[in-house]
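In case you want the letters, here they are:
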Amino acid sequence: MTEDKQREGFCDLHTHTLASDGKQPPRDNVRLASERGLAAVAITDHDTVGGIAEALEAGDAYGIAVVPGVEISTRAGGKEIHVLGYYVDIHDELFLSRLAAQRDTRNERNEAIIANLRALGIDITLERVTAGIGRELKQDETVGRPHIADELVRLGAATDMRDAFDKYLAEGAPAFAAAPRIAPETACAWIVEAGGAPVLAHPGIYGDDGLVREILSRGGFSGIEAYHSDHSPEDAARYAALAAEYGLLVTGGSDFHGARQGVVFHGELGSVTVPAAVLPQLREAAKRQ
């Protein structure tokens with residue numbers, strides 16, 4: 001049996017596209033998922049559902065299930081916390097307006113990062129960052145830190161995206177700027193009101209399991225992303241146990257963004273998966289909320 005055949009019945013529930021800070025059109029994520037033998041793939045762009053319609057159309061063409069999702073940026077305990085939402089109604093006007101406000105906040109954050117970089121002596125502008133994307137951004141698409149990292153590489157201020165984050169853009173780095181953010185429980189409420197199921201994204205990245213427990217104790221979540229490209233096997237086991245403790249579903253995904261300077265950030269699409277049996281459980285969780 002080929003490796004692809006062995007992966008039938010599995011899904012990657014965390015991927016990004018050109019609609020936020022990924023490098024590929026949504027249809028390409030779906031094509032890759034199909035080629036790698038997955039049963040389903042989720043599109044979870046940052047603070048936008050702008051890529052989902054294209055992905056759903058590609059899902060029909062490739063015969064693969066596409067899970068409409070989103071990744072909302074929040075803040076708690078002095079850290080940026082991401083909340084994934086699955087099976088959200090991408091036509092819900094209130095939800096769309098809330099995501100638009102999130103993108104406005106992201107734009108303000110980007111301007112602050114650019115100001116910090118310029119204060120460090122780097123000749124960078126937001127206009128050049130946007131021009132470097134190489135196409136006109138749609139109204140519901142966003143500029144993210146990876147786009148700023150791309151420009152830092154073009155300027156020679158960093159060798160690749162990881163270097164750009166380590167030197168300048170990661171939380172605690174000299175150019176980092178924290179945007180005003182909603183609380184995780186607010187993001188959960190938005191997702192639920194849009195008909196979806198909220199899941200705490202990549203808890204291992206936050207480096208504070210006490211904070212993770214505090215966030216979960218506030219309620220509102222349907223699941224925990226225990227399996228992630230930046231989680232060790234020990235991390236995955238710990239968060240799967242935490243999900244069981246809190247009576248939550250276990251999800252996972254690669255956090256695929258595509259390749260920058262030949263390096264795939266987080267993981268290749270399909271490199272981290274969970275059984276597709278979790279999908280009806282997520283849909284049911286959304287109905288119960």
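Heads up: the structure comes first, above all this text.
This is a predicted model, so every value here is computed, not measured.

Asker: Give a detailed account of the packing of helix α2 (residues 26–35) against helix α3 (residues 52–62), specifying residues and quantitative values.
Answerer: For the pair α2 and α3, the least separation of the axes is 8 Å and the interaxial angle reads 35°. The handedness of the crossing between α2 and α3 comes out as right-handed. For the pair formed by α2 and α3, the contact residues are Pro26, Arg27, Val30, Arg31 and Ser34 on the first element and Glu54, Ala55, Ala58, Gly59 and Tyr62 on the second. Residue classes in the contact of α2 with α3 are distributed as five nonpolar, two polar and three charged.

Asker: How would you summarise the environment of Ile191 if you had to cite specific residues and measurements?
Answerer: With respect to the helices and strands, the residue Ile191 is situated in helix α8 (residues 184–193). Take Ile191: its relative accessible area is 0%, and that puts it in the buried class. Between the C-alpha atom of Ile191 and that of Asp89, which follows or precedes it by 102 residues, the distance is 8.9 Å.

Asker: So what's going on with the environment of Asp209? Which residues, and what values?
Answerer: Structurally, the position occupied by Asp209 is in helix α9 (residues 209–217). The sequence separation of Asp209 and Tyr239 amounts to 30 residues, and the corresponding C-alpha distance is 9.4 Å. Apart from the residues lying within four places of it in its own chain, the contact partners of Asp209 are Arg238 and Tyr239.

Asker: Now, about the nonpolar core: what can you tell me, with residues and values included?
Answerer: The biggest cluster of nonpolar side chains holds 62 residues, and the ones touching the most others in it are Leu13, Ile72, Tyr86, Phe95, Leu279 and Leu282. Setting aside residues no more than four positions away along its own chain, Phe95 makes contact with Val49, Val70, Ile72, Val88, Asp89, Trp190, Ile191 and Ala194. In terms of nonpolar packing, the next biggest core, distinct from the first, is built from 21 residues, Val129, Ile148, Leu152 and Ala175 among them.

Asker: Go over the sheet that holds strand β6 (residues 223–228) with me, naming the residues and quoting the values.
Answerer: With mixed pairing, eight strands are arranged side by side in an open sheet as β7-β6-β5-β4-β3-β2-β1-β10. Each edge of the open sheet is held by one strand with a lone partner, namely β7 (249–253) and β10 (274–275). Inspection of the sheet shows strand β1 (residues 10–12) paired to β10 by two bridges, in the antiparallel sense. When the bridges of β10 are listed, Phe10 appears paired with Pro275.

Asker: Can you lay out the packing of aromatic side chains for me, pointing to particular residues and giving the numbers?
Answerer: Overall, the coordinates contain zero aromatic pairs when judged by the stated rule. Taking the ring centre of Tyr239 as reference, the NZ or CZ of Arg238 above it sits at 4.7 Å.

Asker: Could you give an account of the side chain of Asp45, with specific residues and numbers?
Answerer: Inspection of the secondary structure puts Asp45 in the loop between β2 (40–43) and α3. Among the polar contacts listed, one links the side chain of Asp45 to the side chain of Ser20, at a separation of 2.6 Å. Ignoring any residue separated from it by four or fewer positions in sequence, one finds Asp45 in contact with Thr15, His16, Thr17, Ala19, Ser20, Val70 and Glu71.

Asker: With reference to specific residues and values, describe the pattern of salt bridges.
Answerer: Counting across every chain of the model gives 17 salt bridges. Among the salt bridges present, the one from Arg98 reaches Glu193, with a minimum N-O distance of 2.7 Å. Separated by 95 residues along the polypeptide, Arg98 in helix α4 (residues 93–119) and Glu193 in helix α8 bring together distant segments of the chain. Shared partners join several salt bridges into a network, and the residues in it are Arg118, Asp123, Arg128, Glu151 and Arg154.

Asker: I'd like to hear about the environment of Ala40, residue by residue, with values.
Answerer: Structurally, Ala40 can be placed in strand β2. Separated by 236 residues in the primary sequence, Ala40 and Ala276 have C-alpha atoms spaced 7.0 Å apart. Beyond its immediate chain neighbours, meaning those up to four positions away, Ala40 contacts Phe10, Cys11, Asp12, Ile64, Ala65 and Leu279.

Asker: I'd like a description of helix α6 (residues 145–154), backed by residues and values.
Answerer: A large share of α6 lies buried, amounting to nine of its 10 residues. The complete set of buried residues in α6 reads Arg145, Pro146, His147, Ile148, Ala149, Asp150, Glu151, Leu152 and Val153. Contacts from the buried residues of α6 go to β4 (79–86), α4, α5 (126–132), α7 (161–169) and β8 (259–260). Gly156 sits one or two residues past α6 and shows a positive phi near 85°.

What counts, and where the lines are drawn
- Residues numbered from 1 in each chain as written.
- Predicted model: local features only at pLDDT ≥ 70, side-chain atom pairs only at ≥ 80, totals over all residues.
- Heavy atoms only, no water.
- Axes fitted to C-alpha atoms, helices over the stretch in contact; angles between N-to-C directions.
- Helix = DSSP H or I, 4+ residues; strand = E, 2+ residues; numbered from the N terminus.
- Left-handed = near helix turned anticlockwise from the far one by under 90°.
- Contact = heavy atoms within 4.5 Å.
- Nonpolar A, V, L, I, M, F, W, Y, C, P; charged D, E, K, R; others polar.
- Buried < 20%, exposed > 50% of the residue type's maximum accessible area, 1.4 Å probe, protein only.
- Core = buried A, V, L, I, M, F, W, Y, C linked by side-chain atoms within 4.5 Å.
- Pairing = 2+ DSSP bridges.
- Phe/Tyr/Trp six-rings, centres within 6.5 Å; stacked < 30°, edge-to-face > 60°.
- Lys NZ or Arg CZ within 6 Å of the ring centre and 35° of its normal.
- Polar contact = N/O pair within 3.5 Å; in protein donor to acceptor, adjacent residues only side chain to side chain.
- Salt bridge = Lys/Arg side-chain N within 4 Å of Asp/Glu carboxyl O.

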